[in-house]
Amino acid sequence: MTHLTMSQILHFVDGAADYATQAQCTNHLAVCERCRKEVEIQKNLSKSARKNPYATSLRFTERVMTRVAPQPGFSWTTKILNNVANVFAMMLVLGVLGYAISSTSSFKLEGSPEFSSLSKSFTDSYTKLKESVQQRTNDLTVKVQPVSSSRSQRFVIFALFALITLGVVDRFLLRQLTKTKL
Amino acid sequence: MNDLDFQVIQKVLAGEKRAYAQLVDRHKDKAMALAVRMLKNHQDAEEALQDAFIRAFNALPRFEWKSSFSTWFYRIVYNVCATALSKKGSAQLLSLDGEEGNETFGLLSDIELPDIEFELDEFRQIVQEEINKLPHTYASVLTLFFIQEMSYEEIVETSELPLGTVKNRLFRARTMLRDAVLKRLIEVVRKEKVA
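Another aspect to go through is a negative patch on the surface. There is a patch of like negative charges on the surface, built from Glu119(B), Asp121(B), Glu122(B) and Glu192(B). Examined against the element boundaries, Glu122(B) turns out to sit in helix 5 (residues 120-133).

For chain B, per-residue confidence averages 85 on the pLDDT scale, and residues scoring 70 or more make up 84% of the total. Overall, residues 93-107 of chain B carries pLDDT values under 50, and its contacts beyond four positions in sequence, including any with other chains, amount to 38 contacts.

Residue and element names in this part refer to chain B. At a minimum axis separation of 8 Å, helix 4 (residues 69-87) and helix 7 (residues 152-159) run at an interaxial angle of 45°. It follows that helix 4 is oblique to helix 7 by the angle criterion. Classified by chirality, the crossing of helix 7 by helix 4 is right-handed. Every residue of helix 7 that contacts helix 4 at Thr71, Tyr74, Arg75 and Tyr78 is listed here: Glu154, Glu157, Thr158 and Ser159.

Time to look at unusual backbone geometry. Residue and element names in this part refer to chain B. Not every positive phi belongs to a glycine, and Glu149 is a case in point at roughly 50°. Counting through the fold element by element, Glu149 comes out in the loop between helix 6 (136-146) and helix 7. At Glu160, a residue that is not glycine, the phi angle is positive and equals roughly 60°. Tracing the backbone shows Glu160 in the loop between helix 7 and helix 8 (163-194). Overall, the relative accessible area of 58% leaves Glu160 in the exposed class.

So, about the state of the cysteines. All names here are of chain A. All chains considered together, the criterion is met by zero disulfides over all chains. Of all cysteine sulfurs in the structure, the one in Cys35 sits closest to Cys32, which takes part in no disulfide; the separation is 3.6 Å. Under the relative-accessibility criterion, Cys32 is labelled buried at 3%.

Taken together, the buried positions of helix 1 (residues 6-14) of chain A are occupied by Met6(A), Ser7(A), Ile9(A), Leu10(A), Phe12(A) and Val13(A). Residues of helix 1 of chain A that are buried make contact with helix 2 (19-29) and helix 3 (33-49) of chain A together with helix 8 of chain B.

Rules and cut-offs
- Residues numbered from 1 in each chain as written.
- Chains lettered and ligands numbered in written order.
- Predicted model: local features only at pLDDT ≥ 70, side-chain atom pairs only at ≥ 80, totals over all residues.
- Heavy atoms only, no water.
- Patch = residues over 30% accessible without salt bridge, like charges linked within 9 Å, V, L, I, M, F, W, Y side chains within 5 Å.
- Areas by Shrake-Rupley, 256 points an atom, 1.4 Å probe, with all protein chains shown as cover.
- Salt bridge = Lys/Arg side-chain N within 4 Å of Asp/Glu carboxyl O.
- Lys, Arg positive; Asp, Glu negative; His and termini not counted.
- Charge placed at Lys NZ, Arg CZ, Asp CG, Glu CD.
- Helix = DSSP H or I, 4+ residues; strand = E, 2+ residues; numbered from the N terminus.
- pLDDT = per-residue confidence, 0-100.
- Contact = heavy atoms within 4.5 Å.
- Axes fitted to C-alpha atoms, helices over the stretch in contact; angles between N-to-C directions.
- Parallel < 35°, antiparallel > 145°, perpendicular 65-115°, else oblique.
- Left-handed = near helix turned anticlockwise from the far one by under 90°.
- Buried < 20%, exposed > 50% of the residue type's maximum accessible area, 1.4 Å probe, protein only.
- Disulfide = S-S within 2.5 Å.

Printed below as a string of structure tokens:
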């Protein structure tokens, strides 16, 4: 028996054969097991070859778009609005800083006895803590320079604290909340 | 012309550049298949594809609507990959390899058809692996035919190869794939019998 050619089988599988070839193939396949098997294999091959196993990486489109149409820069108004939260955070931190400095100094507010007593108790606690640390240091016989808790040193510490707080608030919290690219 | 592509292109040309992301999303995965099968490397393929999308964007005002966006875009992908291959010293893609001429009307090969039942997933995996092993000249035509679902004429337009060469390459690719897959299946059956 003469079998179908590979070309005839492929045209038959693709549905690209003309009417006469289609009929000839159908008649032959009815009596030829080998060609039937071949048609089955080619159908499975075509079906499997149509599957696309490839995909681009997750941020591919974003990368292309950054190159072809970069986001326009923000206007001054938008920038100011976007940074209002930053301004509030800065005011909050500066407020805490001012309060901390004034409460540990000899500064007194006239006509505010609650504030003065709070300030005094904070200063006393601070002095006691300092003395106990000094005592502990002496016990360990480690000679260190006595720490002078001048106003300027406290200012530096609080300023550092303020900067760190600002950084944390700005970088993580605000950007997460507003989803704004600055 | 795909209506969605048409609308997006109109938007982009009207100045709405960000709309181009829709075209990228729609075509990137199928184009990736072509690039990987030509370059045989995922990272190189993604870089080539990125380059192709940027070139297509820049050339969009010159798009003449004579063919579909996908055919036009795949030609760019094909050319970018061909350039990358030629830089690597593989000029095989551009040569005709003596394929021009009569279409081969091959007879069935002598490999005995195994009488086995196979898991569809396993069969698919073997087919994909064997396509990847084909030389890029054949793998690219096969990918354009099956994944991009292009006609012979569209493949001719994309690859700029003569029709006879496209037909021959596709025929040889399918024959080679069939033989390679059957050999793998026979091996699988033999190993199972031994085990």
